[in-house]
Amino acid sequence: LNTCFRMPLRTMMLSSLRVVIILVLRLVCAAVAGSVPGPGDGLWRPIAPEAVGLDGPTLWKAANEVAADLPPRNCWAVIRGGFLVHEEYYGGAGPATKYEADSAAKTAIALVMGVAWTKGLFDLDTPLAVYGVKPLATFTDDPRSMQYWPLLTTRHVLAQASGVGQWPPGKNFTYSSGNGIQHLERLLAVVTGSEDTTLWATENFAKPMGVPGLFIADGPQLSAGGGQLVSCRCLARIGQLLLNKGAWKRADGEGFELVSERYIDMMTSPSIPSLTAGYGFLLWLGFPGPTAKNVYCRWGSTPGCGAIVEEPTNFYKLDRRMYLAPGWMGKLLIVFPDDDLVVVTLGNTAVASARCDMRYHTSLSGDDSYTFLVVFSRLRETLRLAAPAQSLAVQNSSVAESMPEHPKQDLSLGPLAHGDASPTAPAALGAPADVAVAQGRGSCTCNCAPTQGFGSCFVAPLGATGDEDCKDFGSFAGPLCPLVGLVQECETYNLTALQLNRAAAHAGPGAGEVLDACSPASQDGSMECHLVRGCEGGKSPLGLETYSTACVCQTKWVACTYASSPCIAADPYTPLVPLPLGGLTHETSSGISRTDAGGWESAAVLTFGAFALVSLIVVSKVRALKVGRVVSPLSAERDGTDDLSAVAYAQF
């Protein structure tokens, strides 16, 4: 497109025929530019499902079934033809409410690298060492691993085949969310000449995409392993960019190439076919056909988990191509390229399958592929009834002309000095931003279970020196965490007698009884769980393909860790939370018992407000499990929130 618009007209020097040809080409280019689907850097435009060939009632039914299958859900969004056709929100959430995306955000990182590649800043197959990138701990902990460092390329890292210093690059699928993948950020720093890779990614990717706050909480170094805060609408933009093969549009509607189409083709194809057919560039791939070798990711320590498994046959009976970006605890972006469809669902749900069972161990396991199967099975009817994607162009053009334009909003964050409090993250529960610093105290950070990247931060007790001094905060931080869902497939067809014996050994006392989804969370008493759906009757009440038991839990207490550094009040992941009225009684490591109000003698009103807020949230979430609150796209757009950065906290 850029080439089209750069063509010189030079009418005085060309024949009339050549002038006509160039004018026609310009008109064609302008038409193509104006037809780039998606919101550009503005707001999503809503449209009725029927206008883009989807059956509204079937789509609504699919969304409600997913919410019932995978409780608790936070949001659901469906995009077709570049329009927002359906969305739902639960538990008081809205279009601008953001949640930690975990590994689902890795796909956005691959696209950031795609922007840099499109600009010609690096070559995919040139070793990182040639660019002067220094190895991180993954390649320096063991001297033997340094023999592999000179071989490591960007393609290896994007393909999750770095070898993480233990194997030759490109020879093993070595999924990494830590130092292995963070070499992408180190490369970006070198080739852009800026140590502030977050700022570079914001200016060159997030702002043009219309989500300027996407990386705002990363600090100066971009988090290549994911974990950014996203809304359903935000993640849908990533899917739309993949559908567009890297094309995007500016505020004036002019189309441009944000990421090279060639790069998108590589990203959405098997990155190292000899290694696996099911992974591109930080993107899982699904293929149809009876012999398709699809990859299934299963995490944890119980039998059948802890592996990236490539099935020899199409185990889940996929009947179309798809790109998948899954995240821990039931986050999922699905792109159906041949159907021009993007589906996003975010939640807080640990999901396990019969092949990766979490009922026998306190350490939760997970099967991201089963999360996908549940969502895909509910979408099968919608996909079956959908009009062919090729027929959408005429429908879109006729409908779009009658759609009202929404007022343009200023999405710019303005210049930020890293280290300053983000203007997009309000101080937690009204806590003064400088209180911890003023007191010169350390902090107690309490992350939500299970192994979440968000939670609460408290001013440490006077005299605190270690984790033991923070344990009393666990029971206060636990109820601040969101509801946790546990979903377990009921069948056990894949567990051999030996595996079942091992599972029983993990479970300890009572292992012989029939366990449900509540079992792993109930073993240590950290959660209060309620069974939503059991396995009784041997038949799924929700469908034939997915037969699972579900449990919803409220956290009672969490583990807390001590740090000598203070809390950061505006941290959107672990914001500073005021102590409860009257303080907490602590036994410090020095043996001195003290009641510590942490300087919050005047925090009674704040504390009462915090508990009131949490109570309302918990009540609304419980109610949302029974009835999903449906928000029409049009009414949501009028709120003017879309993907703006003024958001609620991740844990809420």
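Anything mentioned here points back to the structure above.
Below you will find a few notes about this structure. Numbering of residues starts from 1 in each chain and follows the order in which that chain's sequence is written. pLDDT decides what is reported in this predicted model: residues at 70 or higher carry local features, side-chain atom pairs at 80 or more are listed and counted, and totals for whole chains, interfaces and linings draw on all residues regardless. Hydrogens are left out, water is left out, and the side-chain values use all remaining heavy atoms of the structure.

Comment: elements are numbered from the N terminus, with helices defined as DSSP H or I runs of at least four residues and strands as E runs of at least two. The secondary structure content of the chain amounts to 17 helices and 23 strands. For each residue, the accessible area found with a 1.4 Å probe, counting protein chains only, is set against the maximum for its type, and the residue is called buried under 20%, exposed over 50%, and partly exposed in between. Expressed as a percentage of the 652 residues in the chain, the buried residues total 57%. Only heavy atoms matter for contacts: two residues are in contact if any of them lie within 4.5 Å across the pair. For the chain, long-range pairs separated by at least 24 residues make up 72% of all intrachain contacts whose partners lie at least 6 apart in sequence. Areas reported as accessible are Shrake-Rupley estimates using a 1.4 Å probe. Residue values count occlusion only from the protein chains shown. Just so you have it, the chain exposes about 25,900 Å², and 58% of that area is on carbon and sulfur atoms.

Another point: the state of the cysteines. Disulfides are defined as pairs of cysteine sulfur atoms found within 2.5 Å of each other. Taken as a whole and judged by the stated rule, the model has 6 disulfides. Each disulfide pairs two cysteine sulfurs, and for cysteine 75 the partner residue is cysteine 232, the sulfurs being separated by 2.2 Å. Linking cysteine 75 and cysteine 232, the disulfide has an S-S dihedral of approximately 90 degrees and is accordingly described as right-handed. Of the two residues, cysteine 75 sits in strand β1 (residues 73–80) while cysteine 232 sits in helix α8 (residues 232–243), which places them 157 residues apart along the sequence. Residues cysteine 75 and cysteine 232 agree in their burial class; the two are buried. Paired through a disulfide, cysteine 444 and cysteine 470 show a sulfur-sulfur distance of 2.1 Å. Around the S-S axis, the bridge from cysteine 444 to cysteine 470 shows a dihedral of about -70 degrees and counts as left-handed. You can see cysteine 444 sitting in strand β15 (residues 443–447) and its partner cysteine 470 sitting in the loop between β16 (455–459) and α13 (474–477), a full 26 residues away along the chain. The pair formed by cysteine 444 and cysteine 470 is uniform in burial state, with each residue classed as buried. Left without a disulfide partner, cysteine 234 is nearest to the cysteine sulfur of cysteine 232, which lies 9.9 Å away.

Here we come to the sheet that holds β16. Strands are treated as partners if at least two bridges between them are detected by DSSP. Sheet architecture is open: 3 strands sit in the order β16-β15-β20, paired in antiparallel fashion. Both edges of this open sheet fall to β16 and β20 (560–563), since each of them pairs with a single strand only. With direction set aside, neighbouring strand axes in the sheet form an average angle of 25 degrees. Direction of pairing for β15 relative to β16: antiparallel, over a ladder of 5 bridges. Along β16, the bridge assignment pairs threonine 445 with cysteine 457. All axes here are fitted lines through C-alpha atoms, helices being fitted over the stretch that makes contact, and every angle between N-to-C directions spans 0 to 180 degrees.

Only Phe, Tyr and Trp rings take part, Trp by its six-membered ring, and two of them pair if their centres are within 6.5 Å. Stacked means planes under 30 degrees apart, edge-to-face means over 60, and tilted covers everything else. Summed over all chains, the structure comprises 12 aromatic pairs. A centroid spacing of 6.5 Å and a plane angle of 40 degrees characterise the contact between phenylalanine 205 and phenylalanine 215, whose relative ring orientation is tilted. Residue phenylalanine 205 is located in helix α7 (residues 197–209), and its partner phenylalanine 215 is located in the loop between α7 and β4 (229–230); the two are separated by 10 residues in the primary sequence. Judged by its relative accessible area of 0%, phenylalanine 215 is buried.

Glancing now at the sheet that holds strand β18 (residues 527–533). Strand pairing in a sheet takes place through backbone hydrogen bonds and is either antiparallel or parallel in direction. Pairing within the open sheet is mixed, and its 4 strands lie in the order β13-β17-β19-β18. The outermost strands of the open sheet, each flanked by one partner alone, are β13 (349–352) and β18. The average angle at which neighbouring strand axes cross in this sheet is 20 degrees, direction not considered. Pairing of strand β17 (residues 484–489) with strand β19 (residues 548–555) involves 6 bridges; the strand directions are antiparallel.

Moving on: the pattern of salt bridges. The term salt bridge refers to a pairing of a side-chain nitrogen on Lys or Arg with a carboxyl oxygen on Asp or Glu at a separation within 4 Å. Under the defined criterion, the tally for this structure stands at 15 salt bridges. Residues lysine 61 and glutamate 65 are paired through a salt bridge, measuring 2.8 Å at the closest nitrogen-oxygen approach. On the criterion of helical spacing, the pair formed by lysine 61 and glutamate 65 is a turn pair, its members being 4 residues apart in helix α3 (residues 56–69). The partly exposed category is assigned to lysine 61, whose relative accessible area is 47%. You can call glutamate 65 buried: its relative accessible area is 18%.

The next thing to look at is unusual backbone geometry. With an omega dihedral of -10 degrees, the bond running from proline 71 to proline 72 counts as a cis peptide bond. Within the secondary structure layout, proline 72 lies in the loop between α3 and β1. The amide bond that connects alanine 449 to the next residue, proline 450, takes the cis arrangement and shows omega of -5 degrees. With respect to the helices and strands, the residue proline 450 is situated in the loop between β15 and β16.

What follows is about the nonpolar core. Counting residues in each nonpolar core, the largest one holds 112 residues, and the members touching the most others are Phe205 and Tyr263. Here this core gets 9 residues from one element, more than from any other, and that element is helix α4 (residues 106–118). If near-sequence neighbours (up to four positions away) are discounted, tyrosine 263 is found in contact with Ala110, Met113, Gly114, Trp117, Leu124, Leu158 and Phe281. Within this scheme, the nonpolar core is defined by two criteria: the residues are buried Ala, Val, Leu, Ile, Met, Phe, Trp, Tyr or Cys, and they are joined through side-chain atoms within 4.5 Å. Among the nonpolar cores identified, the runner-up in size contains 19 residues, and Cys446, Phe454, Val558 and Cys560 belong to it.

Moving on, we get to the packing of α4 against helix α6 (residues 179–192). At their nearest, the axes of α4 and α6 sit 11 Å apart, and the two run at 30 degrees to each other. The orientation of α4 with respect to α6, classified from their angle, is roughly parallel. For the pair α4 and α6, the crossing hand works out as left-handed. For the pair α4 and α6, contact is made by Lys106, Ile109, Val112, Met113 and Ala116 and by Ile181, Leu184, Leu187 and Leu188, respectively. Charged residues are taken to be Asp, Glu, Lys and Arg, nonpolar residues to be Ala, Val, Leu, Ile, Met, Phe, Trp, Tyr, Cys and Pro, and polar residues to be all remaining types, Gly included. Across the contact of α4 with α6, the residue classes tally to 8 nonpolar, no polar and 1 charged. Working definition: roughly parallel below 35 degrees, roughly antiparallel above 145 degrees, roughly perpendicular at 65 to 115 degrees, and oblique for all remaining angles. Rotating anticlockwise by less than a right angle from the far helix to the near helix defines a left-handed crossing, while the corresponding clockwise rotation defines a right-handed one.

By the criterion of burial, β19 is predominantly enclosed, with 8 of the 8 residues buried. Alternating residues of β19 divide into Ser548, Ala550, Val552 and Gln554 and Thr549, Cys551, Cys553 and Thr555, and every residue in both groups is buried. Alignment of β18 against β19, held across 6 bridges, turns out to be antiparallel. From the neighbouring strand, glutamate 528 faces β19, where its bridge partner is glutamine 554.

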